[in-house]
Amino acid sequence: INAEYGGDSDEEDAPKGETEMQRMKREAAEKKASEAAKKPKKPAPVLKSNVVLDVKPWDDETDLGEMEKGVRGIVIEGLVWGDSKLVEIGFGIKKLRISTCIVDELVGLYDLEDKIQELEDYVQSVDIVSHNKI
């Protein structure tokens with residue numbers, strides 16, 4: 001019957017008792033939802049952190065060059081080793097201060113600490129000096 005009078009077929013789809021304003025809001029929401037579905041999704045940004053670690057040797061006789069080689073020998077996807085330097089602790093003992101850039105989703109900081117501490121011939125302890133998101 002609606003077609004005979006030039007009626008809008010959308011009114012048949014509308015819930016009964018829906019006012020003109022409610023219908024317009026519903027249609028606008030449906031249009032917005034369909035447009036949002038068509039848009040390509042942007043990839044999530046890769047979250048990275050700069051981390052500085054202090055790696056402490058057992059004593060002043062620990063070979064710090066070998067300790068650094070062992071630390072840098074740790075390879076994890078998303079881990080990039082940076083600069084390092086030896087810092088005086090006292091009584092002739094030095095510690096290795098080393099920087100790294102990690103991809104937060106790929107590298108667990110505590111897992112990295114554990115891997116460094118597995119170098120138990122050289123490493124007494126590992127401390128996080130700084131951890132900055134970039």
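Describing the nonpolar core
- Counting residues in each nonpolar core, the largest one holds 19 residues, and the members touching the most others are Val55, Leu79, Trp81, Leu112 and Ile116.
- Listing elements by their share of this core, those giving two or more residues are strand E1 (48–57), helix H3 (64–72), strand E2 (79–90), strand E3 (93–103), helix H4 (109–117) and strand E4 (123–133).
- Setting aside chain neighbours within four positions, we find Trp81 in contact with Val71, Arg72, Ile74, Ile98, Ser99, Thr100, Leu112 and Ile116.

Some points on H3
- Turning to H3, its buried residues are Leu64, Met67 and Val71. Buried residues of H3, seen end-on, are gathered within an arc of 55° and therefore sit on one face of the element.
- Of the surrounding elements, those touching the buried residues of H3 are E1, E2, E3, H4 and E4.
- Capping the start of H3 is the job of one residue whose side-chain oxygen sits 3.0 Å from the backbone nitrogen of Gly65: Asp63.

As for the sheet that holds E2
- On the basis of which strands lie adjacent, the open sheet formed by four strands has the order E2-E3-E1-E4 and antiparallel pairing. Bordering the open sheet on either side are E2 and E4, each of which pairs with just one other strand. Within the sheet, the average angular offset between the axes of one strand and its neighbour, ignoring direction, is 20°.
- Summarising the sheet, E1 and E3 pair through eight bridges and their orientation is antiparallel. Within the sheet, the bridge partner assigned to Asp54 lies in E3 and is Arg97.

Conventions used here
- Residues numbered from 1 in each chain as written.
- Predicted model: local features only at pLDDT ≥ 70, side-chain atom pairs only at ≥ 80, totals over all residues.
- Heavy atoms only, no water.
- Core = buried A, V, L, I, M, F, W, Y, C linked by side-chain atoms within 4.5 Å.
- Buried < 20%, exposed > 50% of the residue type's maximum accessible area, 1.4 Å probe, protein only.
- Helix = DSSP H or I, 4+ residues; strand = E, 2+ residues; numbered from the N terminus.
- Contact = heavy atoms within 4.5 Å.
- Arc of directions from axis to C-beta.
- Polar contact = N/O pair within 3.5 Å; in protein donor to acceptor, adjacent residues only side chain to side chain.
- Pairing = 2+ DSSP bridges.
- Axes fitted to C-alpha atoms, helices over the stretch in contact; angles between N-to-C directions.

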